[in-house]
Every structure is written in C-alpha cells, then in structure tokens.
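Letter by letter, the chains look like this.
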Amino acid sequence: MALPSIVEHIASTHRLVIWTLSLLCVAALLADPAVAQNRGAVEGQVTTPDGEPLPGVQVVDPALQRGTTTNADGEYTITGLPLGEHIIEFRFVGYQTVAREVVLESGEAEAVDVTLKSRVLETDGVTVTGTARARSTLRAPQDVDVMGPEQLQVSRSAALGDLLRDNVDGVSSIKTGSQAGIPVLRGLSGTRVLLLKDGIGQQFYQYGVRHFPTTNASEAERIEVVRGASSILYGSDALGGAINVITKPAPTTDQGALDVGGTASTQYYTNNNERAGSLDLHAAQGNIGWRVGAERRIGGNYHTPDAPTFFRENPNTGTFGDPKYTGEIPFTSFEQWSTYGQVGMQGDFGTVQLYGDYWQNAHNFILPTGGPDDDNPDNPPVDGLGQNLEHSNVALKGNLVAGGFVIKPRLSWQRSIRQSAPGSGDVTLQTIRDNGGLGGFDYAVDLKTDIYTARMEAAHAALGPISGTVGVEVQHQDADTRGSVELQPSAETWNAGVFIFEDVDLDPVTLSFGGRFDLRTIDAVPNERTTDPDALENTYTTLTGAVGASYAFGEGLAVATNLSSGFRAPTVFELYTNGVHGGVAAFQVGDPSLDPERSYSADLSMRVRRDRVTAEVTGYVNSISNYIYLANTGETQNPDGSGLPVYRATQTDALLSGIEAQLEVSVLPWLQAGGSTAIVEGTGDGLGEESADEGDLPLLPANRFGGFLRWVPAGTNVITNPSLELSANRVLDQDAAGRFEPFSQFDAGFGPPFGTASTQAYTTVDINAQGTFNQLGVPVTVSVRVRNLLDETYRDFLDTYKGYTLSPGRDVQFSLSTSF
C-alpha cells in the first residue's frame, strides 16, 4: 500500500489517533523505571523425574508475553515482572505442560523449580482470552481451549476453520473448497464468532457464508478458542464466542549476547496437489528482538470420489439428488501467501512490540450455473467465480508496568479487500500481476475497508481476593464500495466500549463478574440501489454482562459454570444490501430497521485433568432475541420468474442448546484411546412449515461422534515422540432449515433437479503417523496423515458445494518441520 494512502486514512481519523497516542504516552510515563515500584523475578531449574536438567524448555508468562528458555543446566530467569500474582507456563516437546502460580511480593527473585513428566496426556494450559486475567484452563469459569506451539508447528491448513476443526474438539467448519473454512462454535459462526489477533477484533466481511477468515496460523504462538458469549471483553460479534490468534513474541536474550534461530516447514497434500512452505527467522541481542516470516501455499482443483452425476445418469429429483460434478472439481484452485515481521523490546518497564502482516488469497469458486462441459457440445461451459482477498495489519502493542497496574495499550490499523470477477476464468496471483496488479481485472465486486482500533486494558494487582481488568476500546471502520456491483453501500462505523471484568479468588472457588457498555453508529452513503435515503443512519447502545464460578474439588478436578449476555449489531450488509451476491448465487436484500441481536447464555462443565485421564462434559443453552437471518422468499429477481432466488434479511427469536463431551485415556503406557461428541439443536420462532411454527435454525452443524486409538511406543535415539493414530468420525444426517437454509434451492421442490441442501449420515476414517528425528543435528518432525482413508462418498452439511458436488475424497497429507 502506498505511503500517501496510509497518511490520508490516518489523517481522516485524527481524533482516534491522537487519543490513542496520548494513552500510549501516559502509559509510557507511568511505566518509567524511575517512577515505577520494585519489580520481581522468577528463577529456577527444570528437570526430569530422574533429576536430569532439561535444556530448551519454554518458560512463559502468557499474560505479559514475556519468557525465556532454560539453559544447558535447565536453569532460567525472568526478570522485570510486576509484583503480584502470575501464572508461569513450562512447555517442552514430548513433556506435559505445567502451569505454576506464583506471588511476587518484593523485589527479590522467587524460586520455582519444576519437574516435567514425559507426556502421557496433555493435562493443563493457560488462557488469557475471555477471562478476567490469565487462568489455568482447568479452573477458568469460562470454557476455553488452547492450541499451543507444538500443535501449530505440525498442523497447518489454508483454512483456519479446518485447522480448528481438526485440533479442537467440538469446533466445526463451513467449507468451500480447500482454502475456505469458517469456524463454528456451538452452532454459531460468521459475524457471531469474533476473530481476534492479539485481542484486536479482525474485520473481513464475515457476513457471507463463504467469507472465511483472512489470517494464517504460521504467525501464531498459540490460538485460544472461547466458547460462549465474550461480548463483555470484545463487544459486538463475540455473541457466540471468540478465537484469539496470539502472535509469536519478539525474542530476547542475555545482555550482550546474540541469538539467531528459526523454524521451517513444508506440506504436500495429494487430493488437490497442494504445496506449502513456511519460514520463520528470529534474532535477538539483549532486550531487543526481531522476527520475520512468510508462508506460500498453492492448491489445484480438489477431487471427490468418482460417483454418478446427474448428467451421466437418469435424472434423480429426490431429496438427495445426484451431484452435478464429481471427480476433479473445476474452479476450486487457489494460491495463498502471507508474510509478517516485528521488532520488540522488553525490560523493567515491560514489553513493547511493533507488528505487521500481509495476507493474500487468489482463488476460484465453482458455481451451479453452466456445464458440465463434457462431450456434449450443447452444454454451456462450467461457470466459476474468481476472487482476490487481501488483509493487512499494523499494530503497536505493549504490556507496561505502572505501579500496581499492567497497562496494555493497543493501536491497530487493518485493511481488508474483497474483489470478485465473475467469468474471469482461473484467478491466480500470477494472473493478477500479469494484468497490471489489482486494477487489472474488471472486479464487479470491489470492497475495501480500513479499520482503526485503539484499545487499552489495565490489569490491576490483587485487592484482597479481587483481581482483574478494566478497559476502553474505540474502533472506526471506513468501508468503501468501489466495484460496478454495489453489494453493500460505502459506510462509516464507529464503536466505543468501556468494560470491567474481575476475578475473586476464594480457593478452591473462583468467581468472576463484569460488565460492558457499547455505543455504535453506522452512517451509510446512498447509491443507485438505495430505496430509502433517510434510513442510512443507525445508532445502537448496549449493556452486556457476565458472572461465573469454578470449584476445584480435587487434584485435576473442577466444575465450572458461566452466565453471560452478548450482543451483535447488524452489519452494513444486513442493513442495506440490495443486489446480486454472485458467490452464493442469490439476490439479497437488507433491512435498515433491524435491531441488534441479544443473547443470554448459560453453561455448566465438569472437567478432569489427570496424568492418565482427561475429560470434559459441557451442557449449554443460548437464547438469542432478534436473531438475523436471510430467508429465501420464494421469489426470483425478475418479474417473469427468471433469475436468482431472492433472500431477504429478517429477524426472529432463537434458542440453541447442546452438549459437548471429550474423553482421553491412557489405557497402557503405549496405548491411548478416546472419543468426543458434539450435539446441538437450534430453533427459531416462525421458521416452521407454517409461519407461526418453530423451525430449525440455518447453518447448524450435523451432530457427530468420534473416537480414536493411538499407539505411542517408546522413543529411541533415532526417533522421539513417535505415534500412530487411527480415528473414525460418525456424522448424522441433517435436514436443511427449509427455505431459510443457505442453498435451500437445491432441495427437492425448490429449484435445480441435482444436488441437495439436506445431507445423509456418513462415516470417515483417518490415520496419522508422526515422529521427530534427531540425526541431522536439528530436530525434524515428520507427519503423514490420510484423511478419508476409505474414500467415502459423502456431503458434509456445512459444505457449501453440497448443492452440486461432493465433499473431498481420500487425501494423503505429508508434513515436515524443523527448528534451528
């Protein structure tokens, strides 16, 4: 992006920038060592159960993103920590993660020696997302899962939804080909699940069922998934939960020393000939560190089992119609690349980092119109939609120690670009460059939004048993619609919020409570599709709150409950859209009179974290008033009945409830077994066959059950942490929510004679083998996974291609990673 353009947009939001810079300056002055109180330190040694020192263990204070690694003698020291309570996390490949609570009461170092056991099962972790302060996931009142560095190093995907579905029990993914996956938490997705990066909400036109997150996990140190309303901390869009991508911190080393290192990985997937490579390099000298990284990923058309198609067989007009395409599915290729860089410094004042990243994805969507282009010359060619997506981030963030507070200022600029070129043929990064860059195509849909966010949290020291966070956040979105098809009008959105979230430690009971106030304004610009120019301004004010508790009643045993309210303001698209949305083959109409959604949710969890057994069972209920959805009106865009189906934004009251459960047991030292299930039901008033009846909500994942057996033989001098896992997943059939389901036109009686919107039950089997080889001077982790081992023919209910093709067939996935 050109520098003048950046300056222009910063100037247009000068009040936000000045306000934020003032906060940063005040925080920096408060954090000056000359005025700050004494700091504390944590030091100690990490050993094996036999007393042998463990070098290279990561020792981290996740709340401050400060840490170090143990030296050759297993010793470590973290200095410059504020006085008060801390949770220190100890992580090492092949060993159980350990979390230790420590209280620093003076300027002296607190000794914390730790013994790490060889990993049988992963027992605990630390979360900093969705909670009043850093907490053990066992004892947090909120329901949080954490993907740590080890999982992220060996598990990579072009789609964030697929990555979480494969590694976090209970998470589903709305898929559109190999590169698109939208996370689903407890039946909610899109604008109801907020994607965060280091606690800052990310915006990427997430209102669309095929609008997937524009981020890459290669930059992440950890990913935290919060189930249930998180609006108290993150405002609108966190009504159903939050996913926080926490980026890798800038490294540091001993004063005067120079440390240089990195990681590298590569993947190859056979189903769509997908190739990927990533590189992360870091360097540190004393308190200053740098990091740069990049990932490149190229995927071809994906393949399904070679099943009968509607055009090759007799027409089938039943509920489960034959697909239109099988085998190699055209217009499903993609190219993706991302890069990031940062510089940071830490000391007695705390930490400060400047971070930036850029992500681009050029891909194709196959459409139901046209084709198939087979031997019949009368058939029209297969139709596809070419798209270019981009996302940029620049963020200045700090964790600054100021007396009894840790001040966490954040200043962020984002730019999100979404461009669609129907009928353009295959779109790749190379064709974009060959056609003169982003302006080389006639993008019918060309959307650009700049997002400026200022956020400051103040985590205060314990006041008796009470500790927590107070904060303020302001965000400005400047949306510019530039294409010939104005899917939504240009608009400006302002949001300001203030919040408080506190914990009360009454060991073994932990209580949490808090509240938040938000003010949001939306001011849209009229265009040729505007039907009511006087309805282009909307203002929303909302209060949200939460209260929760956990009770640790034994070693590794806890029960937790959480009651929370959340909200979601209507998007510019839901309010004002009025036109063809080519990506979903529909004509969509908004409603400027929509009210904000309000949710009231409750959950109850039983948790077990023992050396040989880990388990969790959670029941939840979520009542949402003014639930917004796009309903198929049964009309078409043209008076003569031709054209695309018309979907109109409307509202109802909805109720979701469900159960999530997972179990993992070490049956023998070399054998592990486990299973999981996720069951969700959702209904809305007026969604039944009769307008007054209850009916199913759209986009609910099908209920599923899964299990696995894992062989974990003892390691050798050649290979460490070897494992071989066989898993099976049973997914039940699922009926579409009538005309309220996206792509409902593919069910019998609605439209095309091929495909389906409802899906049948199926079972898939996967196998995965991995291990780390240590013979080349550096550790090399190798993983081979076969997805859909038996090449099952199926349609996943959340696969948006189910209307005209099948879900992917067998895929052999190779992965290799190393650190140096």
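Cut-offs applied
- Residues numbered from 1 in each chain as written.
- Predicted model: local features only at pLDDT ≥ 70, side-chain atom pairs only at ≥ 80, totals over all residues.
- Heavy atoms only, no water.
- Helix = DSSP H or I, 4+ residues; strand = E, 2+ residues; numbered from the N terminus.
- Buried < 20%, exposed > 50% of the residue type's maximum accessible area, 1.4 Å probe, protein only.
- Contact = heavy atoms within 4.5 Å.
- Pairing = 2+ DSSP bridges.
- Axes fitted to C-alpha atoms, helices over the stretch in contact; angles between N-to-C directions.
- pLDDT = per-residue confidence, 0-100.
- Phe/Tyr/Trp six-rings, centres within 6.5 Å; stacked < 30°, edge-to-face > 60°.
- Polar contact = N/O pair within 3.5 Å; in protein donor to acceptor, adjacent residues only side chain to side chain.
- Patch = residues over 30% accessible without salt bridge, like charges linked within 9 Å, V, L, I, M, F, W, Y side chains within 5 Å.
- Areas by Shrake-Rupley, 256 points an atom, 1.4 Å probe, with all protein chains shown as cover.
- Salt bridge = Lys/Arg side-chain N within 4 Å of Asp/Glu carboxyl O.
- Lys, Arg positive; Asp, Glu negative; His and termini not counted.
- Charge placed at Lys NZ, Arg CZ, Asp CG, Glu CD.
- Core = buried A, V, L, I, M, F, W, Y, C linked by side-chain atoms within 4.5 Å.

Enquirer: I tried to follow the overall build of the protein chain on my own but got confused; where do I start?
Expert: The helix and strand inventory of the protein chain stands at 7 helices and 42 strands. Here the protein chain, with 820 residues, has 58% of them falling under the buried criterion. Here the contacts in the protein chain between residues at least 6 apart in sequence split such that 66% fall between residues at least 24 apart.

Enquirer: Explanation requested: the pairing of strand E29 (residues 537-554) in the structure shown.
Expert: The side chains of a regular strand alternate, first on one face of the sheet and then on the other. Where strand E28 (residues 509-524) meets E29, 15 bridges bridge the pair, whose relative direction is antiparallel. Bridging across to E29, Gly-514 finds its partner in Ala-546. Between E29 and the antiparallel strand that follows it, strand E30 (residues 557-568), lie 2 residues; Gly-556 among them carries a positive phi value of about 75 degrees.

Enquirer: Mind showing me how you'd approach the sheet that holds strand E14 (residues 194-197) here?
Expert: Sheets are built from strands that pair by backbone hydrogen bonding, the pairs being arranged parallel or antiparallel. Strand order in the open sheet formed by 5 strands is E11-E16-E17-E14-E15, with mixed pairing between adjacent strands. Each edge of the open sheet carries a strand with a single partner, namely strand E11 (143-147) and strand E15 (200-201). Looking at chain direction, E11 and strand E16 (residues 220-227) are connected through 5 bridges and run antiparallel. Of the residues in E16, the one forming a bridge with Val-146 is Glu-224. Here helix H4 (residues 160-167) sits on the sheet in contact with E11, E14, E16 and strand E17 (241-247), set at roughly 75 degrees to E16.

Enquirer: I keep staring at the confidence of the model for the protein chain and nothing clicks. Help me out?
Expert: Regions with low pLDDT carry predicted coordinates that are not meant to be interpreted in detail. When pLDDT is averaged along the protein chain, the result is 84, and 87% of the positions lie at 70 or above. Ranking the helices and strands of the protein chain by mean pLDDT puts strand E38 (residues 704-711) first, with 96, and helix H1 (residues 3-12) last, with 41. Note that residues 1-14 has pLDDT below 50 and, in this model, 14 contacts with residues that lie over four places away or in other chains. Note that residues 26-37 has pLDDT below 50 and, in this model, 16 contacts with residues that lie over four places away or in other chains.

Enquirer: Sorry, what's going on with the packing of aromatic side chains here?
Expert: In this description, a pair of aromatic rings is defined by centroid distance and the angle of the planes. Summed over all chains, the structure comprises 10 aromatic pairs. With centroids separated by 4.0 Å and ring planes inclined at 5 degrees, the aromatic side chains of Tyr-207 and Phe-573 adopt a geometry described as stacked. One end of the pair, Tyr-207, is in the loop between E15 and E16; the other, Phe-573, is in helix H7 (residues 572-576), and 366 residues separate them in sequence. With respect to class, Tyr-207 is no different from Phe-573; both count as buried. Between Phe-212 and Trp-359 the ring centres are 6.3 Å apart and the planes differ by 75 degrees, which places this aromatic pair in the edge-to-face class. Of this pair, Phe-212 sits in the loop between E15 and E16 while Trp-359 is found in strand E22 (residues 350-366), placing the two residues 147 residues apart along the sequence.

Enquirer: Explanation requested: the environment of Gln-813 in the structure shown.
Expert: On the secondary structure map, Gln-813 appears in strand E42 (residues 811-819). Given the relative accessible area of 16%, Gln-813 is considered buried. Other than its neighbours up to four places away in sequence, Gln-813 contacts Tyr-268, Tyr-269, Ser-783, Val-784, Arg-785 and Arg-787. Polar contacts involving the side chain of Gln-813 include one to the side chain of Asp-811, which spans 3.1 Å.

Enquirer: What am I meant to see in a nonpolar patch on the surface here?
Expert: A contiguous nonpolar patch, built from Ile-288, Trp-290, Val-343, Met-345, Leu-354 and Val-394 and spanning about 480 Å² of accessible area, is present on the exposed surface. Going through the elements one at a time, strand E20 (288-299) and strand E21 (334-347) are the ones with two or more residues in the nonpolar patch. Structurally, the position occupied by Val-394 is in strand E23 (residues 384-402).

Enquirer: Explain a negative patch on the surface to me, please; I cannot follow it from the model alone.
Expert: Together, Glu-43, Asp-73, Glu-75 and Asp-113 give the surface a local cluster of negative charge. Secondary-structure assignment places Asp-113 in the loop between strand E7 (109-111) and strand E8 (114-115). Under the relative-accessibility criterion, Asp-113 is labelled exposed at 57%.

Enquirer: What is the right way to look at unusual backbone geometry in this model?
Expert: Trans peptide bonds make up most of the peptide bonds, and negative phi angles are found at most residues other than glycine. That bond from Asp-507 to Pro-508 is cis: its omega, 10 degrees, falls within 30 degrees of zero. By secondary structure assignment, the location of Pro-508 is in the loop between strand E27 (491-506) and E28. Positive phi values are uncommon outside glycine, yet Arg-186 reaches one of about 50 degrees. For Arg-186, a relative accessible area of 8% translates into the label buried.

Enquirer: What exactly am I supposed to notice about the pattern of salt bridges here?
Expert: Where charged atoms of side chains with opposite charge meet at close range, the side chains can pair. With the rule as written, the count across this model stands at 41 salt bridges. A salt bridge links Arg-91 to Glu-221, with the nearest nitrogen and oxygen atoms 2.8 Å apart. One end of the pair, Arg-91, is in strand E5 (residues 84-91); the other, Glu-221, is in strand E16, and 130 residues separate them in sequence. The salt bridge partner of Lys-175 is Asp-162, with a shortest N-O separation of 2.7 Å.

Enquirer: Where do I start with the environment of His-460 in this structure?
Expert: In this fold, His-460 is placed in strand E25 (residues 445-463). A relative accessible area of 15% places His-460 in the buried class. Spatially, the C-alpha atom of His-460 lies 9.2 Å from that of Gly-403, the residues being 57 residues apart in sequence. Discounting chain neighbours no more than four positions away, the residues touching His-460 are Gly-404, Phe-405, Ile-466, Ser-467, Gly-468, Thr-469 and Glu-502. A polar contact of 2.7 Å, which involves the side chain of His-460, links it to the side chain of Glu-502.

Enquirer: So what exactly am I meant to see when it comes to the sheet that holds strand E3 (residues 66-69) here?
Expert: Reading across from one edge, E3-E2-E5-E6 is the order of the 4 strands in this open sheet, with antiparallel pairing throughout. Single-partner strands in this sheet number two, and they are E3 and strand E6 (98-104). On average, adjacent strands in this sheet sit at an angle of 20 degrees to one another, irrespective of strand direction.

Enquirer: Help me understand the pairing of E17 in this model?
Expert: Of all 7 residues making up E17, 7 are buried, and the element is well covered by its neighbours. Residues Gly-241, Ile-243, Val-245 and Thr-247 line one face of E17 and the alternating positions Ala-242, Asn-244 and Ile-246 line the opposite face, and both faces are buried. The sheet contact formed by E14 and E17 spans 4 bridges and is parallel. Bridge pairing in E17 links Leu-194 to Ala-242. Pairing of E16 with E17, which is carried by 7 bridges, proceeds in the antiparallel orientation. By the bridge assignment, Glu-224 is partnered in E17 with Asn-244.

Enquirer: Help me understand the side chain of Thr-818, please; the structure alone is not making it clear to me.
Expert: Checked against the element boundaries, Thr-818 lands in strand E42. The exposure class of Thr-818 is buried, given its relative accessible area of 16%.

Enquirer: Looking at this structure, how should I read the nonpolar core?
Expert: The tendency in soluble globular proteins is for nonpolar side chains to be buried as a group. Counting 31 residues, the largest nonpolar core has Leu-164, Ile-223 and Ile-243 as the members making the most contacts within it. Considering each element in turn, this core owes the most residues, 5 residues, to strand E34 (residues 613-636). For Ile-243, the contacting residues outside a window of four places in its chain are Leu-164, Pro-183, Leu-185, Val-193, Leu-194, Leu-195, Leu-196, Ile-223, Glu-224 and Val-225. Of all hydrophobic cores here, the second largest spans 30 residues; its members include Ile-174, Tyr-762, Tyr-794 and Tyr-804.

Enquirer: Would you mind going over the environment of Ser-642 with me for this structure?
Expert: By the secondary structure assignment, Ser-642 is in the loop between E34 and strand E35 (645-668). A relative accessible area of 31% means that Ser-642 is categorised as partly exposed. Sequence-distant contacts of Ser-642, defined by excluding residues within four places in its chain, comprise Thr-636 and Gln-637.

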